[in-house]
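Chain by chain, the residues run as shown.
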There are 2 protein chains.
Amino acid sequence: MTSVDVVLGVEIEGTRVSFGLVDRSGRYVLEDKIPMKAHEEPESLFLRFHKKFADIYGSVSDKYKLLGIGVAAPTANYATGTIENSSNLNWKHVNVVQLVQQYWDVPVVITNDANAAALGEARYGVAQKFKNFIQITLGTGLGSGIVVDGNIVYGTDGFAGEVGHTTVVKGGRHCGCGREGCLETYVSTSGIIRTVSELLAMHNEESVLREVPMNEMTAKLIYKAAINGDVVANAAFESTGQMLGEALANAVAYLSPEAIILSEGLALAGDLIIRPTKYHMEKNLLNLFKGKVQILSSGLTKGNVAILGACALIWHELQLPKHTLRVVNAE
Amino acid sequence: MTSVDVVLGVEIEGTRVSFGLVDRSGRYVLEDKIPMKAHEEPESLFLRFHKKFADIYGSVSDKYKLLGIGVAAPTANYATGTIENSSNLNWKHVNVVQLVQQYWDVPVVITNDANAAALGEARYGVAQKFKNFIQITLGTGLGSGIVVDGNIVYGTDGFAGEVGHTTVVKGGRHCGCGREGCLETYVSTSGIIRTVSELLAMHNEESVLREVPMNEMTAKLIYKAAINGDVVANAAFESTGQMLGEALANAVAYLSPEAIILSEGLALAGDLIIRPTKYHMEKNLLNLFKGKVQILSSGLTKGNVAILGACALIWHELQLPKHTLRVVNAE
């Protein structure tokens, strides 16, 4: 009996490790997850993950052949195979490729969430026809994956694509990175909350958002208020879209992409964020780019984005010619 | 007798067409130029260019085999092989590849000056070791060529790398492109003249630059004043370097390059522009990029940059596998 080629996609988050065994077409063979324990050491976590996966893979390994493992994680570095100073994971420097490869003798590749999302869109989502596009994830922060000629731009050190940390307002909002005016302090779920706070201070309009303490404010509440016609909530989306649109006009001048794809968090607000983003991007584009760049919502089902992206990452890697296979081995 | 492989590099400017026959190592076999006539039609110009080159190549064609022709020109589009709406050339839409290939049955490729300069640095200049770098030309405007994984980023339509037209000051200086606050309105030879004008208006310091009418002001005059200790001239370089350094900090967040190479115009001022650029880039970099990105002056001899760049372009193209040879044929 011939076996079906599959890869394992793994998503590491602050609270759990989720994984899915996926074939070339993106079909799930199996999926599962393990919770992360408080202050758990990486060695312990990856041993538990290995045991869990080995257990369930054992029951199907006659039918499915594991070709490689892709991992999506915050602050993951493709070039070194490591997770570096992740505030979500409370880890300093962890060589994930090494930890996984001690149990599984297959190519293992790691990248950050946004790059994985970009590869997921390219293989399974709305970017299947695009060779040049920018993936923007609008969660608590703003992540980005840049695709040029069909490949993720990693740059020298694996950290390219930090569009969320381009400065858009000199002396602007304080950012978690220690600098000021970064795009993600305006354009993200946390950014829109800060914008609401600013708008409530500046204007006198009535708003249901005045009834919510700032530490209980969420992008979802702002979204609900906006679709119910709340003036402040709508102004917050408008302002967020303007900041994003202006930033994207600059991104287009760098990269001349076919499309920009928005996913997660604020992107789930659909037209509320896409309309002003598109308007302000077009308004600010250099003439020769006007009317050429699409802004699209993610084509991946919510919840599977990172796992499908991690699978796309390893499929992409496996199809590279052997001599350029950039799998990073343990040091 | 075996012949030596050579390519022809051509630079098209507003006043002349210069060319050089160059071997793999960058050695010139011959060079020459023809002046452009006022309001000359492209057909006439390329016929004269063909006759001139055919004439002198005829005398060496037994020893040198022409493998291809690379062309560097303002607003040249790699993807279409055309020059589009060039204000310097007063041409609307000219298919240069077609015009050249009617006389020479070899691969012909065209790109803009900044991309050619980037490829020239990569093959013959200071970027020989870099796979990821950004080339910035600081002439009347600010041109840029972005290199990722050893290849120029052209984007969807061949027009990627318009860093000079990223907006750096909202509602800032009027730009020739019809927009406001573009980087090149601050950082270019014309930009520094505008900065001097602004500084003379703002401050009361004595300056030799007060003796020069604005329409006679040049970057060279400002440079000479600066090295003679003129306060305003020095402040102008400082301010220009600050604008450039801040913009480059954002460029690094996009692309994580190993180096940024400055050439032509303002770059010839050396440390006067490089020191403040480096200082302000470092100051504004995201922590994980600090101390990693070099800022370098061009390694190409002045005057040969575009021709050597055009040669590098066609050498680069010829070494691509046949099936991906992206030479644009006549439509």
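As the structure is a prediction and not an experimental result, all values here were calculated from the model. Counting restarts for each chain, with residues numbered from 1 along the sequence as it is written. Chain letters start at A and ligand numbers start at 1, both assigned in the order the entries are written. Residues qualify for local features only when their pLDDT is at least 70, as the model is predicted, and side-chain atom pairs are given and counted only at 80 or more; totals for whole chains, interfaces and linings, by contrast, use all residues. Heavy atoms throughout the structure, all of them, feed into the side-chain values; hydrogens and water do not.

Caption draft 1: Quick look at the overall build of chain A. A count of helices and strands for chain A gives 8 helices and 13 strands. Atoms counted for the radius of gyration: C-alpha only. Globule rule: 2.2 Å times the number of residues to the power 0.38. Over its C-alpha atoms chain A spans a radius of gyration of 21 Å, differing by no more than 12% from the 20 Å that the globule rule assigns to 331 residues. By principal-axis analysis of the C-alpha atoms, chain A measures approximately 70 × 45 × 35 Å. Note on exposure labels: buried denotes an accessible area under 20% of the residue type's maximum, exposed denotes more than 50%, and partly exposed covers the range between, all computed with a 1.4 Å probe on protein chains only. Taking all 331 residues of chain A together, 57% fall into the buried category. Taking as baseline every contact in chain A between residues at least 6 positions apart, the subset at least 24 positions apart corresponds to 62%. Note on areas: Shrake-Rupley, 1.4 Å probe, and residue coverage restricted to the protein chains presented here. Looking at chain A as shown, the accessible area adds up to about 14,100 Å², and 50% of this sits on carbon and sulfur atoms. Strands are runs of DSSP state E lasting at least 2 residues, helices are runs of H or I lasting at least 4, and numbering of each runs from the N terminus. Any pair of residues with heavy atoms lying within 4.5 Å of one another is described as a contacting pair.

Caption draft 2: Expanded view of the interface of chain A and chain B. In this complex, chain A contributes 40 residues to the contact, which on the side of chain B involves 40 residues. Summed over both partners, the accessible area (1.4 Å probe) lost when two parts come together is defined as the buried area. Carbon and sulfur atoms supply 54% of the area buried between chain A and chain B, which totals about 3,200 Å² over both sides. Considering only the side of chain A, the residues that lose the most area to chain B are A:T156, A:Y254 and A:L286, jointly responsible for 22% of the buried surface there. When a carboxyl oxygen of Asp or Glu lies within 4 Å of a side-chain nitrogen of Lys or Arg, that pair is called a salt bridge. On the surface where chain A and chain B come into contact, there are 4 salt bridges. B:K292 is the partner of A:D157 in a salt bridge, and the nearest nitrogen-oxygen pair spans 3.3 Å.

Caption draft 3: How the structure looks around the nonpolar core. Remark: nonpolar core denotes a set of buried residues (Ala, Val, Leu, Ile, Met, Phe, Trp, Tyr, Cys) joined through side-chain atoms within 4.5 Å. A:I222 and B:I222 are the most contacted members of the largest nonpolar core, which has 109 residues in total. Not counting residues within four places of it along the chain, the set of residues in contact with B:I222 comprises B:I192, B:I193, B:V196, B:L209, B:M217, B:A233, B:A236 and B:F237.

Caption draft 4: Quick peek at the confidence of the model for chain A. Residue and element names in this part refer to chain A. For every residue, the predictor reports its confidence as pLDDT, a number between 0 and 100. Per-residue confidence for chain A gives a mean pLDDT of 92, with 95% of residues at or over 70. Note on residues 323-331: pLDDT is under 50 here. Beyond four places in sequence and across chains, it has 25 contacts. In the model output, the complex is listed with pTM 0.91 alongside ipTM 0.90.

Caption draft 5: Main features of the relation of the copies chain A and chain B. Least-squares superposition aligns the copies on the C-alpha atoms of those residues with pLDDT at or above 70 in both. When chain A is fitted to chain B, the best match, at an RMSD of 0.0 Å, comes from turning it 180 degrees and sliding it 0.0 Å along the axis. In the structure described here, the two chain copies are related by an operation that fits a two-fold rotation axis. A shared binding surface is used by both copies, with 100% of the interface residues of chain A retained as interface residues in chain B.

Caption draft 6: How the structure looks around the sheet that holds strand β6 (residues 82-86) of chain A. Residues and elements named next belong to chain A. Strand order in this open sheet of 3 strands is β5-β6-β7, and the pairing throughout is antiparallel. In this open sheet, the two edge strands, each paired with only one partner strand, are β5 (76-77) and β7 (91-95). A pair of strands counts as paired when DSSP detects no fewer than two bridges linking them. Looking at chain direction, β6 and β7 are connected through 4 bridges and run antiparallel. If you follow I83 over to β7, its bridge partner there is V94.

Caption draft 7: Seen up close, the sheet that holds strand β3 (residues 28-35) of chain A. All names here are of chain A. Taking strand neighbours across the sheet as the criterion, the 5 strands line up as β3-β2-β1-β4-β8 in an open arrangement whose pairing is mixed. Edge positions in the sheet fall to β3 and β8 (108-111), since each has one partner strand and no second. This sheet shows a mean twist of 20 degrees between the axes of neighbouring strands, independent of strand direction. Direction of pairing for strand β1 (residues 4-12) relative to strand β4 (residues 64-72): parallel, over a ladder of 8 bridges. Counted as the bridge partner of D5 is K65 from β4. Each axis is a line fitted through C-alpha atoms, taken for helices only over the stretch in contact, and angles between the N-to-C directions span 0 to 180 degrees. This element, helix α1 (residues 42-58), spans β1, β2 (16-23), β3 and β4 of the sheet and lies at about 150 degrees to β3.

Caption draft 8: Quick look at unusual backbone geometry. Residue and element names in this part refer to chain A. One non-glycine residue with positive phi stands out, namely T75, at about 55 degrees. Here T75 is to be found in the loop between β4 and β5. Residue T75 is classed as partly exposed on the basis of its relative accessible area of 33%. For D149, which is not a glycine, the phi torsion comes out positive at approximately 50 degrees.

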